[in-house]
Amino acid sequence: MPAGGITPEKLALAEAVARVREDDQARRAAGAAAPPPRRSSPVLLGVLLLLAAGGGWILAARPAWLFPPVAVVESPEVREASLRMTMFVMARRLGGYRTARGVWPDSLREVATPPATLRYSRTGEGWRLEGHDGALHLTLTHTDSLPLFVGTSYQVLARRSGR
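Keep in mind it's a predicted model, so treat the numbers as computed, not measured. (Residues numbered from 1 in each chain as written. Predicted model: local features only at pLDDT ≥ 70, side-chain atom pairs only at ≥ 80, totals over all residues. Heavy atoms only, no water.)

K.L.:
Tell me about the pairing of strand β2 (residues 126-133), residues and numbers included.
P.N.:
Pairing analysis gives six bridges linking strand β1 (residues 118-123) to β2, with the strands arranged antiparallel. The partner of T123 across the bridge, within β2, is G126. With antiparallel pairing between neighbouring strands as the criterion, β1 and β2 make up a hairpin whose turn holds two residues, including G124 at a positive phi of roughly 50°. Between the antiparallel neighbours β2 and strand β3 (residues 136-141) lie two residues, among them G134 with a positive phi of about 65°. (Pairing = 2+ DSSP bridges. Helix = DSSP H or I, 4+ residues; strand = E, 2+ residues; numbered from the N terminus.)

In structure tokens, the structure reads:
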């Protein structure tokens, strides 16, 4: 062991520490003279602004191509009331046609554009109207009482719409 207890390993370690300190001081001195950080590009800021505006519009407008409308599922009671009211309106139009012309029409197209849920047929001296909505099937003829057929359908539909 050399005199003074300094081994070659300790000497190498002391020199390494001194070099690290010098490098650190040189880095700090260079950092003080470093140029200010670079500003953002105007093009990048413009693109970001357009993206933010587009995102805001999408959230506010909720376009159908991105947010499809939610299908409203009606209760069976409301579906039946709707079908009964549709058939009632068509029966009234059939009656108006007969009053004006003296005969029943050959098809519903003569009195209105028929909904796909209804089928009409002439029967001897009258008519038969059939309504379908999924598993629901209703029949109305020219001899049936319209007030009895409609029943509480109007009230059911009024409750649904909050009236």
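So that's the structure; there's more coming.
K.L.:
Explain the packing of aromatic side chains to me, and be specific about the residues and the numbers.
P.N.:
Two aromatic rings are characterised by how far apart their centres lie and by the angle between their planes. Throughout the structure, instances matching the rule amount to one aromatic pair. On the basis of an interplanar angle of 80° and a centroid distance of 5.9 Å, the ring pair of W104 and W127 is categorised as edge-to-face. With W104 in the loop between α3 (76-101) and β1 and W127 in strand β2, the pair connects residues that are 23 residues apart, well separated along the chain. Taken as a pair, W104 and W127 share a single burial class, namely buried. When the ring centre of F67 is taken as origin, the NZ or CZ atom of R62, which lies over that ring, is 4.0 Å away. Positioned over the ring face of F149 is R84, at 4.8 Å from the centre of the ring. (Phe/Tyr/Trp six-rings, centres within 6.5 Å; stacked < 30°, edge-to-face > 60°. Buried < 20%, exposed > 50% of the residue type's maximum accessible area, 1.4 Å probe, protein only. Lys NZ or Arg CZ within 6 Å of the ring centre and 35° of its normal.)

K.L.:
Quick rundown of the pattern of salt bridges? Include the residues and the values.
P.N.:
All told, the structure shown has eight salt bridges when counted by the stated rule. Note that R128 is salt-bridged to E130, the shortest N-O span being 3.2 Å. The structure contains a network of salt bridges with shared partners spanning R119, R128 and E130. (Salt bridge = Lys/Arg side-chain N within 4 Å of Asp/Glu carboxyl O.)

K.L.:
A description of helix α2 (residues 42-61) should follow, citing residues and the corresponding values.
P.N.:
Side chains of residues three or four places apart in an α-helix project in the same direction, reflecting 3.6 residues per turn. End to end, α2 covers 28 Å across 20 residues, agreeing with the expected 28 Å (1.5 Å per residue, within 8%). Taking the backbone nitrogen of V43 as reference, a side-chain oxygen 3.2 Å away marks S41 as the first, capping residue of α2. R62 occupies a position one or two residues after α2 and carries a positive phi of about 45°. (Expected span 1.5 Å × (residues − 1). Polar contact = N/O pair within 3.5 Å; in protein donor to acceptor, adjacent residues only side chain to side chain.)

K.L.:
So what's going on with the side chain of S153? Residues and values would help.
P.N.:
Structurally, S153 is set in helix α5 (residues 153-161). Leave out the neighbours within four places in its chain, and S153 touches A81, R84 and M85. (Contact = heavy atoms within 4.5 Å.)

K.L.:
Now, about the environment of A135: what can you tell me, with residues and values included?
P.N.:
Relative to the helices and strands, A135 resides in the loop between β2 and β3. Taking the C-alpha atoms as reference points, A135 and G46, separated by 89 residues in sequence, lie 57 Å from one another.

K.L.:
Residues and numbers for α3, please.
P.N.:
Taking 1.5 Å of rise per residue, 26 residues should cover 38 Å, and α3 covers 37 Å from first to last C-alpha, within 8% of that figure. Burial in α3 covers these residues: V78, A81, L83, R84, M85, M87, M90, A91, L94 and Y97. Looking one or two residues past α3, G102 carries a phi angle of roughly 85°, positive in sign.

K.L.:
I'd like a description of the nonpolar core, backed by residues and values.
P.N.:
In a soluble, globular protein the nonpolar side chains are often hidden away together inside. Grouped together as the largest cluster of nonpolar side chains are 17 residues, with contacts concentrated most on M87, L108, W127 and L129. Secondary structure elements with two or more residues in this core: α3, β1, β2 and β3. In terms of residue count, the dominant contributor to this core is α3 (six residues). Ignoring anything within four residues of it in the chain, the contact list for W127 reads A91, L94, W104, Y120, S121, R122, L140, T141 and H142. With six residues, the next largest nonpolar core counts V78, M85, V150 and V156 among its residues. (Core = buried A, V, L, I, M, F, W, Y, C linked by side-chain atoms within 4.5 Å.)

K.L.:
Lay out the sheet that holds β1 in plain terms, naming residues and giving numbers.
P.N.:
Judged by pairing direction, the sheet is antiparallel, and its three strands sit side by side in the order β1-β2-β3 without closing on themselves. Because the sheet does not close on itself, it has two edges, and the strands there are β1 and β3. Taking the axes of each pair of neighbouring strands and ignoring which way they run, one obtains an average angle of 15° across the sheet. Here α3 sits on the sheet and contacts β1, β2 and β3; the angle it forms with β2, its principal contact strand, is near 155°. (Axes fitted to C-alpha atoms, helices over the stretch in contact; angles between N-to-C directions.)

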